[in-house]
Amino acid sequence: MANTQHSKDLCFSDNNHAGILYGELNKNLQLVEQNIGVTIHVRGNEVHISGLRHEVDLAANLLEQFYNLITKGFKVYSSDFAFGLRVLETSPKARLDKIFLDKVYITAQNRIISPKTQNQKIYIDAIRNTDVVFGIGPAGTGKTYLAVAMAVSALTTGQVRSIILTRPAVEAGEKLGFLPGDIAQKVNPYLRPLYDALSDMLGPDRSADYIEQGIIEIAPLAFMRGRTLSDAFIILDEAQNTTREQMKMFLTRIGFDSLTVITGDVTQVDLPRSQKSGLLHAKNLLHGINGIKFCNFSKQDVVRHPLVQQIIAAYEKNGNSQ
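Criteria and cut-off values
- Residue indices begin from 1 for each chain and proceed along its sequence in written order.
- For a predicted model such as this one, the threshold for reporting local features is a pLDDT of at least 70, and the threshold for listing and counting side-chain atom pairs is 80 or more; totals across whole chains, interfaces and linings nevertheless cover every residue.
- Hydrogens and waters are ignored; side-chain quantities use all the structure's heavy atoms.
- Each salt bridge in this description consists of a side-chain nitrogen of Lys or Arg and a carboxyl oxygen of Asp or Glu lying within 4 Å of one another.
- To sort residues, take the accessible area from a 1.4 Å probe on protein chains only and compare it with the maximum for the residue type: under 20% means buried, over 50% means exposed, and anything in between is partly exposed.
- Here a strand is any run of E in DSSP of at least two residues, a helix any run of H or I of at least four, and the numbering for each starts at the N terminus.
- Pairing between strands is defined by DSSP: at least two bridges between them are needed.
- Angular values range over 0 to 180 degrees, each being the angle between N-to-C directions of two axes fitted as lines to C-alpha atoms, with helices fitted over their stretch in contact.
- In what follows, a contact means two residues having at least one pair of non-hydrogen atoms within 4.5 Å.

When charged atoms on two side chains of opposite charge get close, those side chains can pair. What the rule picks out here adds up to 13 salt bridges. Between Asp97 and Arg95 there is a salt bridge whose closest N-O contact spans 2.8 Å. Classification of Asp97 by relative accessible area gives buried; the value is 8%. Taking the relative accessible area as the measure of exposure, Arg95 reaches 44% and is therefore partly exposed. Glu217 is the salt-bridge partner of Arg227, the closest N and O atoms lying 2.8 Å from each other. Here Glu217 lies in strand β8 (residues 216–220) and Arg227 lies in the loop between β8 and β9 (232–236), a separation of 10 residues in the sequence. Shared partners join several salt bridges into a network, and the residues in it are Asp102, Lys121, Asp125 and Arg128.

Moving on, we get to the sheet that holds strand β10 (residues 259–264). With respect to topology, six strands assemble into an open sheet ordered β8-β7-β9-β10-β6-β11, the strand pairing being parallel. Both edges of this open sheet fall to β8 and β11 (292–296), since each of them pairs with a single strand only. On average, adjacent strands in this sheet sit at an angle of 15 degrees to one another, irrespective of strand direction. Looking at chain direction, β9 and β10 are connected through four bridges and run parallel. When the bridges of β10 are listed, Ile234 appears paired with Thr260. Lying over the sheet, helix α7 (residues 143–156) contacts β6 (132–136), β7 (162–167), β8, β9 and β10, oriented at roughly 170 degrees with respect to β9.

Turning our eyes to something else, we now look at the pairing of β7. Counting buried positions along β7 yields six of six residues, so the element is predominantly enclosed. With burial as the criterion, each face of β7 is covered, one bearing Ser162, Ile164 and Thr166 and the other bearing Ile163, Leu165 and Arg167. In this sheet, β9 lies alongside β7 in parallel orientation, the contact comprising five bridges. Residue pairing for β9: Thr166 is matched across the bridge by Leu236. As paired elements, β7 and β8 share five bridges and run parallel to each other. Within the sheet, the bridge partner assigned to Arg167 lies in β8 and is Pro220.

Geometry only, nothing functional implied.
Given below as structure tokens:
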């Protein structure tokens, strides 16, 4: 009975919205066919889906929810179907509009930044409602990018007066002393991803102006020692490469009216084996404290090229060590 063929017919009331849903030359429908395993036939605003029952139900749910998104003004990209499919595969009753229509920020290129997975939505809501948020998970899950988007949104709406972005300066076994140039030139390569995210949000000129005025500060973690960071949105990136002492130092810098996000991937710790990651230590030590939220991401939340998800899975299978 589980393999019984099934079919379902959908009828969309607006031909223009249906056309957007289908995509150019029905590209979006082809993606649904390939990723779910159903067969889809289109006639005007009517869609016939056939295949195994659970696959047909999934495809119909996906198309109906994206049609609903389109009627609400959501601009659909082909990649969104993959993100939506991941959500509905694990949570068939999930509402994609509650996730995709949550506008975090609109970039300088008028691109809307919004969560693409349920865990990203949980993360965004945690940042809105909690003073200190830890985002822990693999590369490509949007931890840092969404945190920067939330920081820029808080700055531009007057919620905070400044943004402070910081990372440990030494990664992957490389030492700053071996790099040419002065201290700024030495640490700049480690901070480049943060500059890139800001430039995407604000545009190169505006982000450069904010940095020059000191409204946005990007600095190595060591530069935070001895300071009190008030009325700011503070992001500590690559936190898996902090020591216990560095993590304690950072967390005790937080002042009044500040929001803090700490991001990291505990599978990519580059510290000497004799040193335990400050992120891992904090996760165990601070869990359960009111006002601190831990948000965990998995490979299912990867929003980069589809191959990234498979690469992460391969490394997890191999134990992250070989």
